[in-house]
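Residue-level structure breakdown
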Amino acid sequence: PALPGAPHILLVSIPPPGHLFPFTSFAYQLAAAGAQVTCFTTGYVFEHLQHRGDNKYRDESSSGSCSKSSRVRFEGLFDYEEIHEIGMDDVMGWLQAFSNEKMEAVLERRFLELQPRPVCIVADMFLGWVQDVANKMHVPRHTLFTMNAKELAFLIRIPQLFESGELPGLNADGVMKSDISMPGMAPLPVEGVWGVFKDETVGHHQQVKEAFRRLSESKSIILNTFEELEAETLEALRTDYVAANIKVPELLPILLSSIPRLQRPNATIGNDQVSEVEKWLDTQAPASVIYISFGSLATLTKQQTGALALALEATNYPFIWVYRPPGISQVSRQSKVSISANHETSYEYFPPRFQDRVGGRAMLINGWAPQPQILTHHAIGAFLTHCGWNSTLESVCAGVPMLCWPFFADQNMNARFVTDTIQAGLRMKWGRSDDTVDQDEIQKVLTQMMDGEEGKAARSSALKFRLLAQADVADGGASNSNLHKILQECTSASLCNGSYGC
Ligand code: UDP
């Protein structure tokens with residue numbers, strides 16, 4: 001039960017793990033600090049994963065095992081029937097499902113059913129329309145922004161960039177003419193501009209634009225980051241943006257992907273599988289293993305899988321590789337989870353007899369791995385990552401240097417941030433003709449990371465940021481004070497308005 005006078009806070013997330021996990025962490029942190037929290041996402045997530053048997057998102061509160069988590073409830077927002085056709089990996093499909101007028105009516109109805117009435121709504125960065133519901137319910141809307149601060153600096157200017165013609169800003173060949181100017185900071189390179197903004201005919205162009213137009217209306221923006229990690233960008237947003245008449249709501253960085261505090265609705269994988277991975281890691285030398293994972297959505301092509309496999313075979317480092325067949329996201333229906341330390345996988349995209357040749361120095365995991373547990377194990381020496389923002393933060397918080405292999409959306413900018421800004425990683429360079437990385441390049445970068453001076457420098461930078469992250473989430477650190485700031489505001493709203501939470 002909630003504490004007397006504890007505010008009831010409503011969170012609204014979209015289902016992909018890169019969004020839902022920070023929401024989950026935020027929900028548990030609010031609850032630990034005394035709030036009552038309801039998190040709406042969609043019933044489909046629970047249904048789907050329960051059917052699959054790995055219970056990835058199942059509500060821990062239902063087990064009643066922890067009094068803290070009993071103040072957190074996860075609820076489906078929509079009827080299963082209405083949305084069951086959307087693949088879990090179809091981010092744009094989810095955005096659409098979460099964005100039409102019908103959804104506004106559903107959220108309004110569900111809000112009114114909640115007891116005690118929530119004192120505010122914290123919604124995903126893509127759900128700008130929640131502002132209308134919040135206005136009708138006379139409560140503030142806060143935004144939880146799941147990407148980095150520079151991405152916010154770009155996205156909050158979307159309306160202005162289209163008005164001024166900087167976007168889409170294409171030449172006659174359909175290529176962007178120039179980088180995007182950013183007050184108080186280096187311009188955003190063309191590679192950092194999402195494809196959806198370059199092409200006004202893309203289905204979700206208007207919808208994504210509209211979501212970001214409404215960012216500035218939020219009461220505050222909660223960023224999954226920490227001050228010391230993105231100090232310059234945060235400073236520019238707070239000063240140069242304001243000087244340039246760009247409305248930026250109050251910014252509250254709260255590190256949600258910090259591994260010691262990371263809490264997910266349930267184990268992301270069964271305990272026996274966690275201990276199997278840990279047991280294997282215990283047999284490896286400190287900082288010797290390369291962990292390879294491309295997050296929940298991206299996959300390698302067959303050709304890229306082959307190049308990576310041959311590079312790993314040639315370089316001889318121990319590794320854990322979380323793999324999925326091309327085009328199969330972890331959360332799509334077809335995926336299955338299995339671990340193969342003894343190489344009994346039939347995955348046809350590996351080169352023939354690859355598993356036999358890499359022998360006991362490799363652990364291949366099909367589908368999904370307990371990433372936080374792996375990254376914090378002392379045997380991990382580097383993370384070959386797609387640079388999703390959560391993975392990036394988790395690596396920073398574990399003090400693990402990164403080998404960056406970005407694919408889409410914010411991943412290119414995250415990779416650039418890792419290599420150039422915090423210098424905690426090295427980048428795989430694409431081949432001349434297309435966006436593939438060849439075997440020689442992979443081998444070169446793996447060796448630089450594990451045996452070269454470049455790797456040493458990246459490791460020491462990652463360790464420096466780990467310490468800063470630890471201080472930030474400790475009592476008295478900025479993440480904690482920002483969390484308490486939100487909570488305090490909500491508590492006063494709860495106490496002074498008789499209809500709310502009292
Ligand atoms: N993740 C995990 N096991 C996996 C792959 C991913 O636990 O095998 C988690 C990872 O720890 C991170 C999230 O899923 O918290 C992925 O989010 P990210 O922003 O890194 O990438 P996305 O999946 O959104 O591309």
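Here the structure is shown first, and the text comes after it.
All values reported here derive from a predicted model rather than from experimental measurement. (Residues numbered from 1 in each chain as written. Predicted model: local features only at pLDDT ≥ 70, side-chain atom pairs only at ≥ 80, totals over all residues. Heavy atoms only, no water.)

**Focus: helix α17 (residues 389–398)**
Using the following cut-off: When accessible area is computed with a 1.4 Å probe and restricted to protein chains, residues below 20% of their type maximum are described as buried, those above 50% as exposed, and intermediate ones as partly exposed. Strands are runs of DSSP state E lasting at least 2 residues, helices are runs of H or I lasting at least 4, and numbering of each runs from the N terminus. By definition, residues are in contact when any of their heavy atoms lie within 4.5 Å.
Taking burial as the measure, the ten residues of α17 include ten buried ones, the bulk of the element. Among the residues making up α17, those that are buried are W389, N390, S391, T392, L393, E394, S395, V396, C397 and A398. Next to the buried residues of α17 lie α1 (17–32), α16 (371–375), β14 (380–385), β15 (402–404), α18 (411–421) and α20 (453–473). Looking one or two residues past α17, G399 carries a phi angle of roughly 70°, positive in sign.

**Focus on empty space enclosed by the protein**
Selection rule: Put simply, the grid is 1 Å and covers the protein atoms alone, a cavity is a trapped set of points that fit a 1.4 Å probe, a pocket is an open set with protein on both sides within 12 Å along at least five of seven lines, and lining residues have an atom within 4 Å of a point. Grid points are joined across faces, edges and corners, and a volume is the space filled by probe spheres set on the points. Residues were grouped as follows: Ala, Val, Leu, Ile, Met, Phe, Trp, Tyr, Cys and Pro as nonpolar; Asp, Glu, Lys and Arg as charged; and all remaining residues, including Gly, as polar.
For the coordinates displayed, the defined rule picks out one cavity of 30 Å³ or more. Approximately 90 Å³ is the volume found for the largest cavity. Taken together, eleven residues form the lining of the largest cavity, with F294, L300, V322, Y323 and R324 sitting closest to its centre. Residue classes in the lining of the largest cavity are distributed as seven nonpolar, three polar and one charged.

**What to know about the layout of surface pockets**
Taken as a whole, the largest pocket encloses approximately 880 Å³ of empty space. Broken down by secondary-structure element, the contributors of at least two residues to the lining of the largest pocket are α1, α4 (91–97), α9 (195–198), β10 (289–293), α17 and α18. Among the residues forming the lining of the largest pocket, the class breakdown is 21 nonpolar, 16 polar and seven charged. Here the second largest pocket defines a volume of roughly 450 Å³. Considering the residues around the second largest pocket, the lining is formed by 20 residues, among which K150, E232, T233, F417 and T421 are closest to the centre. Secondary-structure elements contributing two or more residues to the lining of the second largest pocket are β7 (185–188), α11 (231–238) and α18. Considering every element that reaches the lining of the second largest pocket, the biggest residue donor is α18, with five residues.

**Brief notes about the nonpolar core**
For the record, the criterion: In these notes, a set of buried Ala, Val, Leu, Ile, Met, Phe, Trp, Tyr and Cys residues joined through side-chain atoms within 4.5 Å is what counts as a nonpolar core.
Counting 58 residues, the largest nonpolar core has F154, L155, L167, F197 and F212 as the members making the most contacts within it. Counting residues per element, this core draws most heavily on helix α7 (residues 149–155), which supplies five residues. Judged by nonpolar contacts, the second largest core, of 37 residues, contains L281, A379, F383 and C397.

**A word on the sheet that holds strand β2 (residues 36–41)**
Applicable threshold: Only strands that DSSP links by at least two bridges are regarded as paired with each other. Helix axes use the C-alpha atoms of the stretch in contact, all axes being lines fitted to C-alpha atoms, and the angles between their N-to-C directions lie in the range 0 to 180 degrees.
Within the open sheet, the seven strands sit side by side as β3-β2-β1-β4-β5-β8-β9. Their pairing is parallel. At either end of the open sheet lies a strand with only one pairing partner, and these are β3 (72–76) and β9 (250–253). When the angles between neighbouring strand axes are averaged without regard to direction, this sheet yields 25°. This element, helix α6 (residues 130–137), spans β4 (120–124) and β5 (141–145) of the sheet and lies at about 175° to β4. The sheet strands contacting α11 are β8 (220–223) and β9, and the helix crosses β9 at an angle near 165°.

**Section: the pairing of β5**
Within β5, five of the five residues are buried, which leaves the element mostly enclosed by the surrounding structure. Of the two faces of β5, the one carrying R141, T143 and F145 and the one carrying H142 and L144 are both buried. Taken together, the four bridges between β4 and β5 define a ladder with parallel strand orientation. The residue of β5 that forms the bridge with I121 is R141. Where β5 and β8 come together, three bridges link them in parallel fashion.

**Describing the site of the ligand**
To keep it simple, the criterion reads: Note on terminology: near, applied to a residue and a molecule or strand, indicates that one of the residue's heavy atoms is within 4 Å of it. Polar contact is the term for a pair of N or O atoms within 3.5 Å; when the atoms are in protein, one must be able to donate a hydrogen and the other to accept it, and sequence-neighboring residues count only if both atoms are side-chain atoms. Each accessible area is a Shrake-Rupley result for a 1.4 Å probe, and residues are judged covered by the shown protein chains and nothing else. Should more than half of a molecule's atoms lie within 2 Å of a pocket's or cavity's grid points, that molecule is taken to sit in it.
In the vicinity of the ligand, 17 residues are found, and the nearest of them are S296, A369, N390, S391 and E394. At 2.9 Å from an oxygen atom of the ligand is found a side-chain nitrogen or oxygen belonging to N390. S391 is positioned with one of its side-chain polar atoms (N or O) 2.6 Å from an oxygen atom of the ligand. Relative to its unbound accessible area of 540 Å², the ligand is 95% covered by the protein chains. Of all the cavities here, the one that holds the ligand is the largest pocket. Secondary structure elements with two or more residues in the shell around the ligand: α1 and α17. A class-by-class count of the residues in the shell around the ligand yields six nonpolar, nine polar and two charged.

**Some thoughts on the packing of helix α19 (residues 439–451) against α20**
Just so we agree on the cut-off: Oblique is the label for any angle not covered by the other classes, which are roughly parallel (under 35 degrees), roughly antiparallel (over 145) and roughly perpendicular (65 to 115). Note on convention: the crossing is left-handed when the near helix lies turned anticlockwise from the far helix by less than a right angle, right-handed when the turn is clockwise.
Axis separation between α19 and α20 bottoms out at 5 Å; the angle between their running directions is 60°. For the element pair α19 / α20, the angle class is oblique. The two elements α19 and α20 meet at a crossing, and its hand is right-handed. On α20, the residues that touch Q448, M449, M450 and D451 of α19 are E453, E454, G455, A458 and R459. A class-by-class count of the residues in the contact of α19 with α20 yields three nonpolar, two polar and four charged.

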